[in-house]
Amino acid sequence: MISFQKFRIYINKCFIALICLFSFVVLLPFLMLIARLVKSGLKYICLDFFTQTSPSPVDAMLANLAGEAIPGGILNGICGSLYMLTIALVLTVPLGILTGIYLYENRGKKFANLIQYLNAVCYGMPSIIIGIVVYVSVVKSFHSYSVLAGGIALSISMLPKIIRTTRETLKLLPAYLKESGLALGGSYTGVILKIIMPAAKGGLLTGILISVSRALGETVPLIVTALGCSMINWNINAPASSMTLLIWDFFNTPNMVSMVWATSAFLFSIIICLNLIAKRIGRQWKFILYHE
Amino acid sequence: MNKNHILELKSVSISYSPGSYALKNISVSIKPNAITSIIGASGSGKSALLRSINRMHELYPNIRMQGEILLGGKNIMEMNPVEVRRRIGLVFQQPNPFPTMNIYQNVLSGYKLNKIYLSKSEKDRIVEECLRNVSLWDEVKNGLNKNPLSLTVGQQQRLCIARTLALQPEFLLMDEPTSTVDMFCTNRIEELIYRLKNNHTILIVTHNLAQASRISDYALYLEKGELIEYDKSNIIFVAPNDKRTEKYITEQVE
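Residues numbered from 1 in each chain as written. Chains lettered and ligands numbered in written order. Predicted model: local features only at pLDDT ≥ 70, side-chain atom pairs only at ≥ 80, totals over all residues. Heavy atoms only, no water.

### Quick word on the nonpolar core
Counting 93 residues, the largest nonpolar core has Ile74 and Leu173 of chain A together with Leu131 and Ile161 of chain B as the members making the most contacts within it. The greatest single-element share of this core, amounting to 13 residues, is contributed by helix 9 (residues 188-216) of chain A. Of all hydrophobic cores here, the second largest spans 32 residues; its members include Ile30, Ile63, Phe171 and Leu220 of chain B. (Core = buried A, V, L, I, M, F, W, Y, C linked by side-chain atoms within 4.5 Å. Buried < 20%, exposed > 50% of the residue type's maximum accessible area, 1.4 Å probe, protein only. Helix = DSSP H or I, 4+ residues; strand = E, 2+ residues; numbered from the N terminus.)

Spelled out as structure tokens, the structure:
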């Protein structure tokens, strides 16, 4: 009997050790990634990095030969990313939230189920397909790679995420909110706008921030829509760069390794910050809603 | 007596699915400025009856209602649901203050939802009056901007009653308003309900027969969706005319 009990304790210890080991194995690549980005990227990040546009290959080559730091920065990429994200958010947020409300309010109905299904399919859509579709429909018809096309591509990749977040957030809200709003004589629209939306705000914001952080990392659809540009461009109908496009350009140009690392480290830190902010907002939101 | 303050049900039936009725052919005229309690076992249709009076049953598309509910002689199904719900307030079983509004805003939430704009002084007056009316003012007057969920359950329920009263409804429907609060709070809410009958007609669903007999002037006994007896409380609880009412009350008291 005693030996059986010892055996159980032994098995238990093995199991715990295994769990710890696997957790560490999962964490390892992530830690290595951060270490590499910090080690190779941080040292090139200086003020010029944020205030100048990307260097030409010739400048980079000359700087490398002279053993100096590469002149220039990624301002064109930052501006391009912000510009395209703004377009994407303006297009996606109202549409996504309204669709999410529709899906939640009409759950179980045929048409809503169909949209729900299509949304789930789009959620996992390979981003190159989004890029190609936007290329054919926007770039071809406007005869130019453009910020607009890039923004539309980003918005298509964000839309399913925002729709899903809205629906999931509304599901989390206490069911009594709507009933008690209506019982006070509120109209349907009034209850949605004044009771449900404020209560859902934190959850929606979390979802939007997370999809923004995903969109910041989109590269493939932008290659075929926004193309990239070595200058800052505010013309909506002309090509522009983004941070991810710059990383791709730097990667394909000789002598620019340091820029690849620096841009990656910067982009990565923005994404981590966005996720942390999203998490914090999410926690505060749950506290307001359930007071726990 | 003001004709508008008369609530009448004419052969009201409610079904959740074809053929199965939650309420069968209920006809009753609710006495104004009095407390009427609706009693009966679980599943007898008490809540269905209460909710149909301010058209809350419409939120569930599979529920069908037949018959007429007349508010001041007008069929409520032909009125604007928003107006019906403004004139007939509903207090739920679970206290349900709006978590994104503070206490002050919660009391005024009905006005906000109905797009009625008030001056600051009017708002202050309504909030104080309503919170005093539910005896909550002294407990919260120094923290009107606090989250309502920081209050005790009993206080939250009184806040919800205040929120409903703020719109000055003629009728007040209460769905087991004291089932989630402790004895002390129950007493306070009962006192409050008793006081409110001067200005409101109150319908209260309760499982607690002692409570029903303490506060109500009239009682209405439902069994399996049928109206068995509707009379003065002192008759229903002391010497009911129908055997079934007598059986239910005796069983509950024992």
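### Regarding a nonpolar patch on the surface
Residue and element names in this part refer to chain A. Taken together, the side chains of Phe24, Leu27, Leu28, Phe30, Leu31, Met32, Leu33, Ile272 and Leu276 define a hydrophobic patch exposed on the protein surface, amounting to about 820 Å² of accessible area. Elements with a minimum of two residues in the nonpolar patch: helix 1 (2-41) and helix 12 (257-290). No other element matches the seven residues that helix 1 contributes to the nonpolar patch. (Patch = residues over 30% accessible without salt bridge, like charges linked within 9 Å, V, L, I, M, F, W, Y side chains within 5 Å. Areas by Shrake-Rupley, 256 points an atom, 1.4 Å probe, with all protein chains shown as cover. Salt bridge = Lys/Arg side-chain N within 4 Å of Asp/Glu carboxyl O.)

### Things to note about the packing of helix 7 (residues 153-165) of chain B against helix 8 (residues 183-196) of chain B
For any two helices packed against each other, the geometry comes down to the angle between their axes and how far apart the axes lie. Residues and elements named next belong to chain B. Direction vectors running N to C along helix 7 and helix 8 enclose 15°, while the axes themselves pass 10 Å from each other. What the angle tells us is that helix 7 and helix 8 run roughly parallel. Our pair here, helix 7 against helix 8, has a crossing hand that is right-handed. Counted together, Gly154, Gln157, Arg158, Ile161 and Leu165 of helix 7 and Cys185, Arg188, Ile189, Leu192 and Leu196 of helix 8 form the full contact between these two elements. Of the residues assigned to the contact of helix 7 with helix 8, the class counts are six nonpolar, two polar and two charged. (Axes fitted to C-alpha atoms, helices over the stretch in contact; angles between N-to-C directions. Parallel < 35°, antiparallel > 145°, perpendicular 65-115°, else oblique. Left-handed = near helix turned anticlockwise from the far one by under 90°. Contact = heavy atoms within 4.5 Å. Nonpolar A, V, L, I, M, F, W, Y, C, P; charged D, E, K, R; others polar.)

### Overview of the sheet that holds strand 8 (residues 201-205) of chain B
All names here are of chain B. Taken together, the six strands give an open sheet; going across it, the order is 6-7-8-3-9-10, and neighbouring strands pair in mixed fashion. In the strand order of this sheet, the two ends are held by strand 6 (88-91) and strand 10 (226-232), each with one partner. For this sheet, the mean angle separating the axes of adjacent strands, direction not counted, is 15°. Of the strand pairs in this sheet, strand 3 (residues 35-39) and strand 9 (residues 218-223) are connected by four bridges, and their pairing is parallel. (Pairing = 2+ DSSP bridges.)

### Comments concerning the packing of helix 11 (residues 243-252) of chain A against helix 12 of chain A
Residue and element names in this part refer to chain A. Where helix 11 meets helix 12, the axes come as close as 9 Å, and the angle between the chain directions of the two elements is 160°. Accordingly, the angle class assigned to the pair helix 11 and helix 12 is roughly antiparallel. As for how helix 11 packs across helix 12, the hand of that crossing is left-handed. Between helix 11, through Met243, Thr244, Ile247, Phe250 and Phe251, and helix 12, the contact on the second element is made entirely by Met259, Val260, Thr263, Ser264, Phe266, Leu267 and Ile270. The residue makeup of the contact of helix 11 with helix 12, split by class, is nine nonpolar, three polar and no charged.

### Brief notes about the layout of surface pockets
Reported here for the largest pocket is a volume of approximately 620 Å³. Forming the walls of the largest pocket are 22 residues, and the residues nearest its centre are Glu105, Arg107 and Lys178 of chain A together with Leu59 and Tyr60 of chain B. Of all the secondary structure elements, the ones that give two or more residues to the lining of the largest pocket are helix 4 (75-105), helix 8 (176-183) and helix 9 of chain A together with helix 2 (81-87) of chain B. In terms of residue count, the dominant contributor to the lining of the largest pocket is helix 8 of chain A (four residues). Lining the second largest pocket we find 14 residues, and of these Gln105, Leu108, Tyr111, Lys112 and Lys123 of chain B sit closest to its centre. Of all the secondary-structure elements, those providing two or more residues to the lining of the second largest pocket are helix 9 of chain A together with helix 3 (103-107) and helix 4 (109-113) of chain B. Looking at side-chain class alone, the lining of the second largest pocket contains eight nonpolar, two polar and four charged residues. (1 Å grid on protein atoms, 1.4 Å probe; cavity = no way out; pocket = protein on both sides within 12 Å on 5 of 7 lines; lining within 4 Å. Points joined across faces, edges and corners; volume = space filled by probe spheres on them.)

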